[in-house]
Amino acid sequence: MFRLVPGHLLYPVAPGDWRCVSPQLDFLRISGPEDALQAVHASLVGSRQDAMPLDGDAATLLGMLVERGAVYRAEAEAPADGSEHEDEVKDLPQTAGKIGILGSGPVAEALVRMLGDGCIVIPGPLDEGAASIVSALVVCSLQTKDAEWTAIDELCQRTGTSWHRAFAEGGSLIVGPFSAGGRTVSYHDYRARRRAAAATVEELDRLWNYLDSNETGWNVWPDDGLSAVAAGLIAHDLICHAKGLDIPGGRCETEIDLGAGTITRHTVLPLPSGISL
């Protein structure tokens, strides 16, 4: 039995043309027969009970991934994708002026525990009515959702709603930046800066396109401790925003390494007026 090393992702770009991306967002291009690539993918992400032995081209491709350190031989360990965890948060009464939480997962659960009656869970999808009644919005996900977040950013700009986000990427948990009108950077600014800094922007776009349309995502699951750290950073930004203070996460991306537990801030600057990347 083989599994992807946590933080790696294997996904198709075109028939016979796949990518394996590392926690550091290093892209490995994999070419081969489409049926063999699909068989490898199915064996790595499927249940242990349904796993079938690989042979021919599929076995060769699997061996290459093992040599590259992207795949390891798994025994009877617990699933690395968090499938045995409860990922739903308990709905709270919807009341105007509270923090809205959109999405589920360990950070959303930690936020609900931390904010208590000060938050509501939005079942989704988000619309202007829901966005306009909350004091701020927090979006939680186990992967980037670029198309959805672009739409949320535009909606929140129309309604004047500030919003935060937390998501997994590779071997890290990413928090922010917190978008609060003209005081901080927007998601549009953030994604443009990410694309401009990417070693290969086409590969970053392909990765985001894949994550937009697939829910499997990264095979990582933030533990309760680091999820609480992320929730605490978000809550602190929300408090500063409510008090009219400078928002620590307003112009930076906070990266929490899921292995080492280290926290790194990456500055994100707003785009100059009239510039779009």
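Note that the coordinates shown come from a computational prediction; the quantities given were computed from them, not determined experimentally.

Draft legend 1. Structural view of helix H6 (residues 187-197). Residues Tyr187, Asp189, Tyr190, Arg191, Ala192 and Arg194 constitute the buried set of H6. The inward-facing, buried residues of H6 contact helix H5 (146-159), strand S9 (163-169), strand S10 (172-175), helix H7 (201-213) and strand S11 (252-257). Between a side-chain oxygen at the N-terminus of H6 and the backbone nitrogen of His188 the separation is 3.3 Å; the capping residue is Ser186.

Draft legend 2. Focus on the pairing of strand S12 (residues 263-267). Relative to S12, S11 is paired through five bridges, and the arrangement is antiparallel. Bridging from a neighbouring strand, Glu255 pairs with Thr264 of S12. Connecting S11 to the antiparallel partner S12 that follows it, the hairpin turn spans five residues, and Gly261 within it adopts a positive phi of roughly 80 degrees.

Draft legend 3. Seen up close, the nonpolar core. Ranked by size, the top nonpolar core spans 24 residues in total, and within it Val107, Leu111, Val138, Ile234 and Leu238 carry the most contacts. Of all the secondary-structure elements, those providing two or more residues to this core are strand S6 (99-103), helix H3 (106-115), strand S7 (119-122), strand S8 (136-141), S10 and helix H8 (224-242). Among residues more than four places away in sequence, those in contact with Leu111 are Ile101, Gly116, Val138, Cys140, Ala231 and Ile234. One finds Ile120, Leu126, Val134 and Phe167 within the second-largest nonpolar core, a separate group that totals 20 residues.

Draft legend 4. View of the pattern of salt bridges. Counted according to the given criterion, the structure contains ten salt bridges. Between Glu169 and Arg194 there is a salt bridge whose closest N-O contact spans 3.3 Å. On the criterion of sequence distance, the pair formed by Glu169 in strand S9 and Arg194 in helix H6 is long-range, its members being 25 residues apart. Here the two residues Glu169 and Arg194 agree in accessibility, since each one is buried. The partner of Arg194 in a salt bridge is Glu253, and the shortest N-O contact between them spans 3.9 Å. On the criterion of sequence distance, the pair formed by Arg194 in helix H6 and Glu253 in strand S11 is long-range, its members being 59 residues apart. Of the two residues, Arg194 and Glu253, both sit in the buried class.

Draft legend 5. Just the sheet that holds strand S4 (residues 27-31), in detail. Taken in spatial order, the three strands of this open sheet run S2-S3-S4, and their pairing is antiparallel. Two strands in the sheet have a free side with no partner beyond their single neighbour: strand S2 (9-14) and S4. Neighbouring strand axes in the sheet, compared pairwise and without regard to direction, differ in orientation by 30 degrees on average. Of the strand pairs in this sheet, strand S3 (residues 17-21) and S4 are connected by five bridges, and their pairing is antiparallel.

Draft legend 6. The arrangement of the packing of H5 against H6 in detail. Contact pair H5 / H6: the axes reach a minimum separation of 9 Å and the direction vectors enclose 145 degrees. Two secondary-structure elements touch here, H5 through Asp146, Trp149, Thr150 and Asp153 and H6 through Tyr187, His188 and Arg191. For the contact of H5 with H6, a count of residues per class yields two nonpolar, two polar and three charged.

What counts, and at which threshold
Residues numbered from 1 in each chain as written. Predicted model: local features only at pLDDT ≥ 70, side-chain atom pairs only at ≥ 80, totals over all residues. Heavy atoms only, no water. Buried < 20%, exposed > 50% of the residue type's maximum accessible area, 1.4 Å probe, protein only. Helix = DSSP H or I, 4+ residues; strand = E, 2+ residues; numbered from the N terminus. Contact = heavy atoms within 4.5 Å. Polar contact = N/O pair within 3.5 Å; in protein donor to acceptor, adjacent residues only side chain to side chain. Pairing = 2+ DSSP bridges. Core = buried A, V, L, I, M, F, W, Y, C linked by side-chain atoms within 4.5 Å. Salt bridge = Lys/Arg side-chain N within 4 Å of Asp/Glu carboxyl O. Axes fitted to C-alpha atoms, helices over the stretch in contact; angles between N-to-C directions. Nonpolar A, V, L, I, M, F, W, Y, C, P; charged D, E, K, R; others polar.

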